[in-house]
Amino acid sequence: MKNILVTGCAGFIGSNFIPYFLDKYPEYNLINLDLLTYAGDLKNLKEVEDHPRYKFIKGDICNRELVEFIFSEYDIQGVIHFAAESHVDNSIKNPGIFVQTNVNGTFTLIDVAYKKWMRSPFVHNEKYKASRFHHISTDEVYGTLGDTGLFSEETPYAPNSPYSASKASSDMIVRSYRHTYGMNTVITNCSNNYGPKQHNEKLIPTIIKKALANEPIPIYGDGKNIRDWLYVLDHCKGIDLVYHTGKAGEVYNIGGRNERDNLYIVNKICEILDVKVPAKKSYKDLITFVEDRAGHDRRYAIDATKIETELGWRADENFESGIVKTVEWYLLKFQAHTK
Ligand code: NAD
């Protein structure tokens, strides 16, 4: 059996990752360290709460004493690090907590891992020779694109928001532990995820929630901002592949080649809702343009050639198939609330 520390898994992506990973790897125990900020919800993990190979610990990744205790108590042999402050709008209002969690938290985790797994730079303790630190990051570290071009692993970092700057900084810390100490690290930079269990504050749940409540559906600016949307389970499969077969020290971009602008997304969701829960008028009538987000990046798009060709990853869903599943999941969630 191998004990893996997973952080931040009461949030969106981690809570999709845990059931998938537990099911696929009967030889792993997963220890989930999560502070349960406003973004974490144990309801997301209901299906695994009594699982014999799953353990939840409420706590802060910045708490060094706690992290050291977990490493020794559970003899941690691998880390998959999801925990972060993740909402760009919040980072504009309150950047300090983003630096604290995303930068200091990542530093604390990797530094404790280094001291547990290695004796000195480039010298592993025998038992932890294969121990890997997988840092989950975002394509937002690369900044924004014009009408053409894609982010590759070679694209220079140019983060524009306090969120992306804090994630870029955490990537640099992980990189430095590879180059200075020879740690076995991998970093994945993924595009925008969507799917079940995402916090209501994010774009797609907001659209569905507002539509069902017959309230204005807010869309920033002219609605032409483009993101490269990836169904969350495809991201989880990419993480699995990189954690197990990625080359130590490497960075892999993950993205589904599904560029869509916000207007397309809101219209698509309204069309699905018009069929599934018809109202007197189309939900499209609720679309309302609001003042743009400060410093709003125009376009992100990922070149996923490296993970596709070197590791054989492919997204199973395209946006049109994934969004139907997603809307169905939120319909159950929001309609259960109103009953
Ligand atoms: P989320 O906001 O839904 O969840 C974050 C989780 O981290 C929550 O459960 C929260 O309680 C926990 N957390 C926050 N601060 C903590 C702390 N100090 N100690 C312990 N736990 C803490 O985020 P998400 O969307 O699931 O994103 C997970 C990771 O993936 C993040 O690192 C994010 O940067 C990255 N990412 C997200 C996306 C996306 O589209 N959601 C895309 C690319 C990369």
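Above this note sits the structure.
All values derive from a computational prediction rather than experimental measurement.

Reading the values: rules and limits
Along each chain, numbering runs from 1 in the same order as the chain's sequence is written. Owing to the predicted nature of the model, reporting of local features is limited to residues with pLDDT of at least 70; listing and counting of side-chain atom pairs is limited to 80 or more, with chain, interface and lining totals taken over all residues. Only hydrogens and water are set aside when side-chain values are computed; all heavy atoms of the structure are taken into account. Only the stretch in contact is used when a helix axis is fitted, and all axes are lines through C-alpha atoms; the angle between N-to-C directions ranges over 0 to 180 degrees. Starting at the N terminus, helices and strands are each numbered in turn, a helix being any DSSP run of H or I of at least four residues and a strand any DSSP run of E of at least two. Reported orientations rely on four angle classes, namely roughly parallel under 35 degrees, roughly antiparallel over 145, roughly perpendicular from 65 to 115, and oblique for the rest. Crossing handedness: left-handed means the near helix sits turned counterclockwise from the far one by under a right angle, and right-handed means the same turn made clockwise. Any two residues having at least one pair of non-hydrogen atoms within 4.5 Å are treated as being in contact. Residue classes follow a fixed rule: Ala, Val, Leu, Ile, Met, Phe, Trp, Tyr, Cys and Pro count as nonpolar, while Asp, Glu, Lys and Arg count as charged, and any other residue, Gly among them, counts as polar. When two rings of Phe, Tyr or Trp (its six-membered ring) have centres within 6.5 Å they constitute a pair, described as stacked for plane angles under 30 degrees, edge-to-face for angles over 60, and tilted for the intermediate range. Each residue is placed in one exposure class: buried if its accessible area under a 1.4 Å probe, protein chains only, is under 20% of its type's maximum, exposed if it is over 50%, and partly exposed if it falls in between. It suffices for a single heavy atom of a residue to lie within 4 Å of a molecule or strand for the residue to be listed as near it. Here a polar contact is recorded for every N or O atom pair within 3.5 Å, except that within protein the pair must consist of a potential hydrogen donor and a potential acceptor, and residues adjacent in sequence are included only if both atoms are side-chain atoms. Surface exposure here means Shrake-Rupley accessible area, sampled with a 1.4 Å probe, where a residue is shielded only by the protein chains that are shown.

Caption draft 1: Up close: the packing of helix α1 (residues 12-24) against helix α7 (residues 232-245). Axis separation between α1 and α7 bottoms out at 9 Å; the angle between their running directions is 60°. Looking at the two axes, α1 sits oblique to α7. The crossing of α1 and α7 is right-handed. Here Phe12, Ile13, Asn16, Phe17, Tyr20, Phe21 and Lys24 of α1 lie close against α7, whose contacting residues are Val232, Leu233, His235, Cys236, Lys237, Ile239, Asp240, Tyr243 and His244. Its residues assigned to classes, the contact of α1 with α7 comprises ten nonpolar, three polar and three charged.

Caption draft 2: Structural detail: the packing of aromatic side chains. Scanning the entire structure with this criterion turns up 22 aromatic pairs. Aromatic pair tyrosine 177 and tyrosine 181: ring centres 4.7 Å apart, planes at 55°, arrangement tilted. On the criterion of helical spacing, the pair formed by tyrosine 177 and tyrosine 181 is a turn pair, its members being four residues apart in helix α5 (residues 162-181). Classification of tyrosine 177 by relative accessible area gives buried; the value is 6%.

Caption draft 3: Representation of the site of the ligand within the structure. Every one of the 28 residues lining the ligand counts as a neighbour, but Ile13, Asp34, Ser86, Tyr163 and Lys167 are closest to it. The backbone of isoleucine 61 places a nitrogen or oxygen atom 3.0 Å from a nitrogen atom of the ligand. In the complex, the protein chains occlude 96% of the 840 Å² of accessible area that the ligand would expose alone. Contributing elements (two or more residues each) for the shell around the ligand: α1, β7 (132-138) and α5. With three residues, β7 is the single largest residue contributor to the shell around the ligand. Looking at the shell around the ligand, its residues break down into 13 nonpolar, twelve polar and three charged.

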